[in-house]
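Coordinates in review
Okay, here's what each chain looks like letter by letter:
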Amino acid sequence: MVTRVDLENTYEKAKAAVAAATSLQQLDQVRVEYLGKRGKITSVLKTLGRLTPEERKEIGQVANKVRQNLEGDIKEKQEELSSEEVIKRLAAESVDITLPGREHVYGRRHLISQVIKEITDIFLGLGYKVAEGPEVELDYYNFKALNTPADHPARSLQDTFYIRKAGAHPADNDIVLRTHTSPVQIRVMKSQKPPVYIIAPGRAFRRDVPDPTHSPMFHQVEGLAVDKGITFGDLKGTLEEFSRQMFGRESQVRVVARESFEAGIAEGGQQIRLRPHFFPFTEPSAEVDVRCFACGGVGCRICGSGWLEILGAGMVDPNVLIEVGYNPEEVSGFAFGMGVERIAMLLYGVPDIRMFFENDLRFVKQF
Ligand code: PHE
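Residues numbered from 1 in each chain as written. Predicted model: local features only at pLDDT ≥ 70, side-chain atom pairs only at ≥ 80, totals over all residues. Heavy atoms only, no water.

1. Considerations on the site of the ligand
- Around the ligand sit 14 residues, and of these His180, Ser182, Arg206, Gln220 and Gly337 come closest.
- In the environment of the ligand, an oxygen atom lies 3.0 Å from a nitrogen or oxygen atom belonging to the side chain of Arg206.
- Gln220 has a polar side-chain atom sitting 2.9 Å from an oxygen atom of the ligand.
- Mapping the ligand onto the cavity grids shows that it belongs to the largest pocket.
- Contributing elements (two or more residues each) for the shell around the ligand: β6 (217-227), β9 (307-316) and β10 (332-339).
- It is β10 that provides the largest number of residues to the shell around the ligand, a total of 3 residues.
- Tallied by class, the residues present in the shell around the ligand amount to 5 nonpolar, 7 polar and 2 charged. (Near = heavy atom within 4 Å. Polar contact = N/O pair within 3.5 Å; in protein donor to acceptor, adjacent residues only side chain to side chain. 1 Å grid on protein atoms, 1.4 Å probe; cavity = no way out; pocket = protein on both sides within 12 Å on 5 of 7 lines; lining within 4 Å. Sits in = over half its atoms within 2 Å of the grid points. Helix = DSSP H or I, 4+ residues; strand = E, 2+ residues; numbered from the N terminus. Nonpolar A, V, L, I, M, F, W, Y, C, P; charged D, E, K, R; others polar.)

In structure tokens:
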């Protein structure tokens, strides 16, 4: 039979267990152990019927008291633990709003890539396809096939980087960094029959000392159209349409430009100008100026003369067509090559070509 002392000892143990509980789960285990259906105190209460009336009175009172006390203890501890748990959870979830934020750095296209994309998009709209060729090129594609044999004086206009295997003879000058994107013309024509309508954007290299308008590495976009009955008029019309879209279109940075350019057109003004020039691979050849989009052609700080030189062009020399296996009696074509940095400098007022390649984020982020 349980005595009063037994019950009191049980209560002390239960109380200690309640106090030691560190989580609601542990506390519930204590509750079940003592007050559950088969709990230590519950079972005492269940046996009361077997006692004498006096015993029942005494033990019953003590047992009920112990149960009540323990229930009270558990309830108190429960409240304590659940508020602790809430605080813990909040602490784990909370954001310290006094910490400085983390900056997300967004990348962007480099201005040169943006301009290449603009140029490319215009010609894609005119039905051209994009072609590519290697930057490390054979002398054959860069010069010879473009009607520029080894002793041709025009070679001196393009100071060239030569690539040589270690220990190779100094006269072994077969591999070059391409000095222009024109070798892509040869590669494309050799790989397909006419008609050809391609543009070839990419890097070119010349042994130039860097200065505000020269960089040993720069970008060009080559254009080539070969088909039956292509004339110089087609070249002019194509370049005119290109200039209209490139320089005369509406955009935030170029509202002024567009207005003066469109004003020029409205007056029946001439928008592009071809000056006779020489390239070994085109005949006749021209350098092409566009009417200055900043001043409309009167002459300003950007252009000086009212005109801006943007590219070289001409009718594909019959020697080049023969070299690639085309018949100059059947097809004719035009080609042009424009300097991307040059156009970007003019459009965005960049004063020094070296700024494109210094990778100063303060510059790069402006565009
Ligand atoms: N390749 C020439 C240059 O880099 C430009 C050009 C291309 C001229 C195509 C005529 C035809 O100067």
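On we go from here.
2. Here's the deal with helix α7 (residues 183-191)
- Every buried residue belonging to α7 is among Pro183, Val184, Gln185, Ile186, Val188 and Met189, and all of these are buried.
- As for α7, its buried residues are in contact with β2 (136-138), α6 (139-142), β5 (196-205), β6, α10 (318-323) and β10. (Buried < 20%, exposed > 50% of the residue type's maximum accessible area, 1.4 Å probe, protein only. Contact = heavy atoms within 4.5 Å.)

3. A word on the sheet that holds strand β4 (residues 175-177)
- Read across the sheet, 3 strands follow the order β2-β4-β3 without closing on themselves; strand pairing throughout is antiparallel. In the strand order of this sheet, the two ends are held by β2 and β3 (162-163), each with one partner. (Pairing = 2+ DSSP bridges.)

4. Points about the side chain of Glu341
- Residue placement: Glu341 occurs in helix α11 (residues 340-348).
- Summary of buried charges: Glu341 has no salt-bridge partner, and the nearest side chain of opposite charge, Arg203, is 7.9 Å away.
- At a separation of 2.6 Å, a polar atom in the side chain of Glu341 contacts the side chain of His219.
- Setting aside residues no more than four positions away along its own chain, Glu341 makes contact with Ile112, Phe218, His219, Ile353, Phe356 and Phe357. (Lys, Arg positive; Asp, Glu negative; His and termini not counted. Salt bridge = Lys/Arg side-chain N within 4 Å of Asp/Glu carboxyl O.)

5. Observations concerning the packing of aromatic side chains
- In the structure shown here, the tally under the stated rule is 11 aromatic pairs.
- Geometrically, the ring pair formed by Tyr128 and Tyr197 is edge-to-face, given 5.7 Å between the ring centres and 85° between the ring planes. With Tyr128 in the loop between α5 (111-125) and β1 (129-130) and Tyr197 in strand β5, this residue pair connects regions lying 69 residues apart in the sequence.
- According to the relative accessible area criterion, Tyr128 is buried, its value standing at 6%.
- Here Phe334 and Phe336 contribute two aromatic rings whose centre-to-centre distance is 6.4 Å and whose plane-to-plane angle is 25°, an arrangement assigned as stacked. Summarising the burial analysis for this pair, Phe334 and Phe336 share the class buried. (Phe/Tyr/Trp six-rings, centres within 6.5 Å; stacked < 30°, edge-to-face > 60°.)

Coordinates in, geometry out; function isn't part of it.
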